[in-house]
Amino acid sequence: MILTCGEALIDMLPRETTEGEAAFAPYPGGAVFNTAIGLGRLGVDTQFFCGMSSDFLGDVLRDALEASKVDHSPSPAMDAPCTVAFVKLVDGQATYAFYDENSAMRTVPGAPDVTADALFFGGISLVGDGCGDIYEAMMLDQSAARVTMIDPNVRPSFIRDEAAYRARITRMMGAADVIKLSDEDLHWLEGDGDLAALARGLVAKGAKLVCITEGAKGVTGYTADHTVFVAAEKAQVVDTVGAGDTFNAGLLAGLDRAGCLTKARIASLGDGEIRDALTLGVKAAAITVSRAGANPPWSHEMEADEV
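Quick caveat: nothing in here was measured; it's all calculated off a predicted structure. (Residues numbered from 1 in each chain as written. Predicted model: local features only at pLDDT ≥ 70, side-chain atom pairs only at ≥ 80, totals over all residues. Heavy atoms only, no water.)

Participant: Where do I start with unusual backbone geometry in this structure?
Facilitator: Comment: phi is negative for the bulk of residues other than glycine, and the bulk of peptide bonds are trans. Although it is not a glycine, lysine 69 sits at a positive phi angle of roughly 65°. The residue lysine 69 is located in the loop between α2 (56-67) and β6 (77-78) in this model. With phi around 55°, asparagine 102 is a residue other than glycine that occupies positive phi space. Within the secondary structure, asparagine 102 sits in the loop between β8 (93-99) and β9 (118-122). Residue asparagine 102 is classed as exposed on the basis of its relative accessible area of 53%. (Helix = DSSP H or I, 4+ residues; strand = E, 2+ residues; numbered from the N terminus. Buried < 20%, exposed > 50% of the residue type's maximum accessible area, 1.4 Å probe, protein only.)

This is the structure we're talking about:
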């Protein structure tokens, strides 16, 4: 069981009406929500934790989770608005405008009981107080006994107190077994310098596996003993919404299939286990970018892609 902890929101994605007018269409989303959906579709026993509105937009989120076989029972239904993010695409790259004040996501009352083998954290839910405090406390409390992973998925425009945010992410990465960062996020958090040297610096601080994605180039996984590069799968890119989130799902699914989501096994990953997990991640992400919005693949689509 993997417990995914982080935001669920409505993405307003740019579309065009039949009359040719610009418009926005609502889709369930959020970085951690997308990862939960991806895990469920890949057949992993998955739970999702986030405050979700009791209104019809919250129903959209709950229905989407159920349709992808994700257990949302840890998530309280709250009398508060749903977070909404308007998405702008430029050459397939997404930028966001968030509307989140006093939302259900922000004001989640407390942490659920944890029975999962591994926990995943990330996204804009780690910015600011409220849910960010709860997720950080959960991770620091659970990391001694359970495998934890973080993908900050940094959105600088959303950060109001940069010093506090950097301090939180530093603490959480210091407790994490698995860290995933884009090359841009790595430089934003760790400064200029060689990607490999910066990634190995995170390993030296305690991470058991650090994965650095470089867009269309691919991803490199670093451990104390291994450096494994997997090239990105070629795809006809429609947009990149949810690509990194889907990679996270594939990576975790790969580690789960290999029996590596225990404290002992995550600390002794072999070259082949790392490569297989990274490969599953990039294959899943390639399918997601080939279609509009965050739409992670099902297991049968992955199998068909391999034929």
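Participant: How should the state of the cysteines be read in this particular structure?
Facilitator: Among covalent bonds in proteins, the disulfide is the one between the sulfur atoms of two cysteines. For the structure shown, the criterion picks out 0 disulfides. We note that cysteine 82 lacks a disulfide partner, and the nearest cysteine sulfur, in cysteine 50, lies 8.5 Å from it. For the unlinked cysteine cysteine 260, the closest cysteine sulfur is that of cysteine 211, found at 12 Å. Its relative accessible area of 0% is what places cysteine 260 among the buried residues. (Disulfide = S-S within 2.5 Å.)

Participant: Where do I start with the environment of threonine 220 in this structure?
Facilitator: With respect to the helices and strands, the residue threonine 220 is situated in strand β13 (residues 218-222). Judged by its relative accessible area of 7%, threonine 220 falls in the buried class. Distance in space between the C-alpha atoms of threonine 220 and isoleucine 287 is 19 Å, their sequence separation being 67 residues. Setting aside its immediate chain neighbours within four residues, threonine 220 contacts Val210, Cys211, Ile212, Glu214, Thr227, Val228, Phe229 and Leu278. (Contact = heavy atoms within 4.5 Å.)

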